[in-house]
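Each chain, written out:
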Amino acid sequence: MRLEPIEEASDLVRNARRIAVLTGAGMSAESGVPTFRDAQTGLWARFDPEQLASEAGFRADPPMVWRWYASRRDAVTRAEPNAGHRALAAVADRFGQLAIVTQNVDGLHRRAGSRDVIEIHGSIMRTVCLARCGFVEDEPARLPSGDPPRCPNCGDWLRPGVVWFGEMLDARQLAAAEETSRECDLLLVVGTSGLVYPAAGLPLTARRAGATVVVINPADTELDRMASVVVRSTAATALPRLFGV
Ligand code: OAD
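Since this is a predicted model, take the numbers as computed values, not measurements.

Hey, could you run me through the domain arrangement of the chain in this one?
It is common to report an interface's size as the accessible area lost on association of the parts. By the assigned domains, the chain splits into domain 1 (1-31 + 81-121 + 169-245) and domain 2 (34-78 + 123-162). Each of domain 1 and domain 2 was reduced to a C-alpha centroid, and the two centroids are 27 Å apart. Every contact between the two is made by eleven residues of domain 1 and, on the other side, ten residues of domain 2. Each partner contributes to the roughly 810 Å² buried at the junction of domain 1 and domain 2, and carbon and sulfur atoms together form 60% of this total. The interface formed by domain 1 and domain 2 holds two residue pairs in polar contact (both at pLDDT 80 or more) in total. Of the residues belonging to the side of domain 1 that touches domain 2, the class tally is five nonpolar, three polar and three charged.

Please clarify how the nonpolar core should be interpreted in this entry.
Within soluble globular proteins, side chains that are nonpolar tend to cluster in buried spots. In terms of nonpolar packing, the biggest core is built from 26 residues, with Ile19, Leu98, Leu188, Leu239, Leu242 and Phe243 touching the most fellow members. No other element matches helix α10 (residues 235-243), which puts five residues into this core. Within the second largest apolar cluster, 20 residues are counted, among which are Val101, Leu202, Val213 and Ala227.

Quick notes on the rules
Residues numbered from 1 in each chain as written. Predicted model: local features only at pLDDT ≥ 70, side-chain atom pairs only at ≥ 80, totals over all residues. Heavy atoms only, no water. Domains from an automatic or database assignment. Contact = heavy atoms within 4.5 Å. Buried area = accessible area lost by both parts, 1.4 Å probe. Polar contact = N/O pair within 3.5 Å; in protein donor to acceptor, adjacent residues only side chain to side chain. Nonpolar A, V, L, I, M, F, W, Y, C, P; charged D, E, K, R; others polar. Core = buried A, V, L, I, M, F, W, Y, C linked by side-chain atoms within 4.5 Å. Buried < 20%, exposed > 50% of the residue type's maximum accessible area, 1.4 Å probe, protein only. Helix = DSSP H or I, 4+ residues; strand = E, 2+ residues; numbered from the N terminus.

Right, here's the structure in full:
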């Protein structure tokens, strides 16, 4: 008798030595944080990413872009980690190491209690200087006033500390994410469409280094063909079942 995908995936989890997790926007969907590319509800279905998520878009209208990120920051502050985030945090100690590489900027993995989290696209709670003079503020309440505020060090605009289209990822974060992918023997890929690189290349890195890949996503994705098992379910349903918590 053939096992259900969730049972096959649970077996892989039970036998894994070192698990890593790659998450995308779908991980937080059940916390009420919208994804980017889901038809109708996705942020990029309703807003133009060139205007809102690029340096050129910011320079064209700093107040508009700043306000959009401020409203997303408010929404993220109101959101709570879901059962999927909580399951990953709860089982980390069982595995000695359970590294999470996330494309999400919402901080929900850390708020759920996960400690080993690499935020490769930055954090929406962080604010940095557009001129990269070194100013960084992780506490929105401590920001200077302004819409957007000006950098207290150099006077340029302040901007969200997230990676925009056309920008490089932080080299150290990317190197850590690649190392995590190479060193795991099981990579769980949760809630990502697999369309944005370099994050979408990490499952191939893991496969090439000998790891097994499991995809958890209610819809088809570009990464399904990398996977030994595809679990057609949501993060908050599948992850607690997968780990038996
Ligand atoms: P996408 O919006 O491209 O993909 C979200 C994925 O989550 C889709 O494959 C959905 O099927 C899946 N999904 C939806 N609900 C889910 C649920 N409850 N449980 C599990 N999966 C679910 O988001 P990302 O792949 O994260 O970059 O997008 C990658 C990057 O593109 C983002 O980090 C962002 C965006 O532009 C930057 O802002 C730099």
